[in-house]
Amino acid sequence: NLDQQLTLFAHHDLVLVEGYKDDDHPKIAIYRDGVTDPDTIKRLTNVIAIATDTHALTIGIEPPPPLLDLNDPQAVSKFICHFTGLVQRADETS
């Protein structure tokens, strides 16, 4: 199970996990136009953002999560750092 696996990484600041759609951990959903079924994203819990190649996406999640450019990994990374507070911790140690 995921919780058992995460204990192996307890000393890390951040662990990225793919899958585990039914778990309640914070998720960045991936939406590719013409590939992803919007209903799949609607069924997810705790969606904090959607990384997408579509600029005008309406999924029907309230409140709507921020849309991230799927083709801009730096923007996705920046979002993750701000969401987790890693940016603040890095600033504090400087």
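Predicted, not measured: the structure shown is a model, and the values here were computed from it.

(A) Expanded view of the nonpolar core. Membership of the largest hydrophobic core is limited to nine residues, which are Ala29, Tyr31, Ile41, Leu44, Val47, Ile50, Leu57, Ile59 and Ile61. Residue assignment for this core shows that the elements contributing at least two residues are strand E1 (27–31) and strand E2 (47–52). In contact with Ile41, other than residues within four places in its own chain, are Ala29, Ile30, Tyr31, Thr36, Val47, Ile50, Ile59 and Ile61. Formed by eight residues, the second largest nonpolar core is a distinct cluster that contains Ile48, Ala49, Leu68 and Phe79.

(B) Representation of the packing of aromatic side chains in the model. In the structure shown here, the tally under the stated rule is one aromatic pair. Measuring from centroid to centroid gives 6.1 Å for Phe79 and Phe83, while their planes differ by 15°, and the two rings are stacked. Residue Phe79 and its partner Phe83 are located together in helix H3 (residues 73–84), separated by four residues, close to a single helical turn. Residue classification places Phe83 among the partly exposed residues on the basis of a relative accessible area of 44%.

About the cut-offs
Residues numbered from 1 in each chain as written. Predicted model: local features only at pLDDT ≥ 70, side-chain atom pairs only at ≥ 80, totals over all residues. Heavy atoms only, no water. Core = buried A, V, L, I, M, F, W, Y, C linked by side-chain atoms within 4.5 Å. Buried < 20%, exposed > 50% of the residue type's maximum accessible area, 1.4 Å probe, protein only. Helix = DSSP H or I, 4+ residues; strand = E, 2+ residues; numbered from the N terminus. Contact = heavy atoms within 4.5 Å. Phe/Tyr/Trp six-rings, centres within 6.5 Å; stacked < 30°, edge-to-face > 60°.

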